[in-house]
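Each chain is listed here by its residues.
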Amino acid sequence: MGYFRELPNLQYQSPYSNRISSASYVTAKNIFRRMKIRDDLKNVLSVFNKYEIDDGDRPDTVARDLYGKSNLDWVVLITANIINVRDEWPLSSKELYDFTVSKYGLTEINKVRHYETTEVKNKNKVIILPKGKIVDKEFKIPTPDSANDSENQLNPVRGVTYYEYESNENEKKRNIDILRSEYLQQFLNDIKNEMIYKKSSQFVNDRLIKTENTRVTN
């Protein structure tokens, strides 16, 4: 992922037991320097497009298709506000099946997890019961346009299996906001400027700072 290449460097006192001296330093990427969309652009809808992630898509394949470079996968994730790819990016069909089996067991995935309402309309096509509300298996309502008595009741309920539940949750992750390609260079320029260190007591150069070594005493 090209994300880490964009991060500036940080030198800190060596934690290794085989260090040459107490003054030894280690250089690493400053992972505390987080990249993000400029605040003034977050709510500008024209900067983003709605995008639906297809089955089997990965951040790098989306970046390749949209921006021409797969190593801009970090741009896809940042602009979509995705922090944990494992949990926030949709699984492929095979990954979803394997995940569900590992979570519930092969013999359980097609068993009912819970019950949901189905949509019910009256004769005027007005929805009197929306679908998707979690209810008990025995949930009933009066039959539309009939008297409210026990003999005229519907049981508008369907069972949702464990696999169906996980599939539905997975589908919710498919629609993301993504940076339009014409704003890509501006975004990259903004990121590079944000990754430049300003003068301070730790400053070494624009891309490197050095922390205090507590092992060295004056």
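Our subject is the structure listed above.
None of these values were measured; they are calculated from a predicted model.

## A few points about the pattern of salt bridges
Per the counting criterion, the structure on display carries 13 salt bridges. With a shortest N-O distance of 3.7 Å, Asp 55 and Arg 174 are connected by a salt bridge. Of this pair, Asp 55 sits in the loop between strand S3 (48-52) and helix H2 (59-67) while Arg 174 sits in the loop between helix H6 (162-171) and strand S11 (175-179), placing them 119 residues apart in sequence. Across the pair Lys 94 and Asp 98 runs a salt bridge whose closest N-O atoms are separated by 2.8 Å. Of this pair, Lys 94 and Asp 98 both sit in helix H5 (residues 93-104), separated by 4 residues, roughly a single helical turn. Under the relative-accessibility criterion, Lys 94 is labelled exposed at 61%. Connected through shared salt-bridge partners, Asp 55, Glu 171 and Arg 174 make up one network.

## Side note on the packing of aromatic side chains
The way to describe two aromatic rings as a pair is by their centre distance and the angle between their planes. Counted under the stated rule, the structure contains 3 aromatic pairs. Here the guanidinium or amino end of Arg 113 rests over the ring plane of Tyr 165, the centre of that ring lying 3.7 Å away. Lying across the ring of Tyr 25, Lys 210 places its NZ or CZ 4.3 Å from the centre.

Calculation notes
Residues numbered from 1 in each chain as written. Predicted model: local features only at pLDDT ≥ 70, side-chain atom pairs only at ≥ 80, totals over all residues. Heavy atoms only, no water. Salt bridge = Lys/Arg side-chain N within 4 Å of Asp/Glu carboxyl O. Helix = DSSP H or I, 4+ residues; strand = E, 2+ residues; numbered from the N terminus. Buried < 20%, exposed > 50% of the residue type's maximum accessible area, 1.4 Å probe, protein only. Phe/Tyr/Trp six-rings, centres within 6.5 Å; stacked < 30°, edge-to-face > 60°. Lys NZ or Arg CZ within 6 Å of the ring centre and 35° of its normal.

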